[in-house]
Amino acid sequence: GEDTLLNQLKKAGKKIKSSCGGCATCSDCMIVVKSGEMNLSAQTFEELRLLGNVFHITKERLSCQTRITGDVTIDISAHEKNTSTG
């Protein structure tokens, strides 16, 4: 079984937020696809339920639901900067 993008990023030492443990209920692990979306697994029912069928507009995917089959460029800058709210 191919590792999810979330697991691959974690193995690469990237800090990706994830509250629900990969169950597609929190959307914290969302990443933005810059190029290569044809090399991504299809969106799961759970992902579509959470994000809606708007990938062609937002280019956002849940990394916990996404598997890579080729070269993909993604933007995880939202996870890398320390955002403090309030």
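Computed from a predicted structure; not experimentally measured.

### Points about the overall build of the protein
A count of helices and strands for the protein gives 4 helices and 3 strands. The linear arrangement of helices and strands in the protein, starting from the amino end, is α-β-α-α-β-β-α. The C-alpha atoms of the protein give 12 Å as radius of gyration, which agrees with the globular expectation for 86 residues (12 Å, within 12%). With the principal axes as the frame, the protein shows a C-alpha extent of 35 × 25 × 25 Å. When each of the 86 residues of the protein is scored for burial, the buried share is 30%. In the protein, the proportion of contacts linking residues at least 24 apart, taken out of those at least 6 apart, comes to 66%. Carbon and sulfur atoms provide 50% of the accessible area of the protein, an area that totals close to 5,400 Å². In the protein, the 11 positive side-chain charges and the 10 negative ones have mean positions that sit 4 Å from each other.

### Here's the deal with the pattern of salt bridges
Using the criterion set out here, one finds 4 salt bridges in the structure. Salt-bridge contacts for K11 lead to D3; the nearest nitrogen and oxygen are separated by 2.6 Å. When its relative accessible area of 68% is taken as the criterion, K11 is described as exposed. Here R61 and E47 are joined by a salt bridge, their closest N and O atoms 2.6 Å apart. Pair noted here: R61 is in strand β2 (residues 60-62) and E47 is in helix α2 (residues 45-51), with a separation of 14 residues, a long-range link. Like R61, the residue E47 is buried in the burial classification.

Rules behind the numbers
Along each chain, numbering runs from 1 in the same order as the chain's sequence is written. Residues qualify for local features only when their pLDDT is at least 70, as the model is predicted, and side-chain atom pairs are given and counted only at 80 or more; totals for whole chains, interfaces and linings, by contrast, use all residues. No hydrogens and no water enter the side-chain calculation; it runs on all heavy atoms of the structure. The helix and strand labels rest on DSSP assignments: H or I over at least four residues marks a helix, E over at least two residues marks a strand, and numbering proceeds from the N terminus. Only the C-alpha atoms count toward the radius of gyration. The rule for a globule is 2.2 Å times the residue count to the power 0.38. Relative accessibility decides the category of a residue: with a 1.4 Å probe and only protein chains considered, values under 20% of the type maximum give buried, values over 50% give exposed, and everything between is partly exposed. Whether two residues touch is decided by their heavy atoms; if any such pair falls within 4.5 Å, the residues are in contact. Only the protein chains shown count as cover for residues, and all accessible areas are computed by the Shrake-Rupley method using a 1.4 Å probe. As used throughout, the charge tally considers Lys and Arg to be positive and Asp and Glu to be negative, leaving His and the chain termini uncounted. Each charge is placed at NZ for Lys, CZ for Arg, CG for Asp and CD for Glu. What counts as a salt bridge is simple: a side-chain nitrogen of Lys or Arg found within 4 Å of a carboxyl oxygen of Asp or Glu.

In short, shape yes, function no, at least from these values alone.
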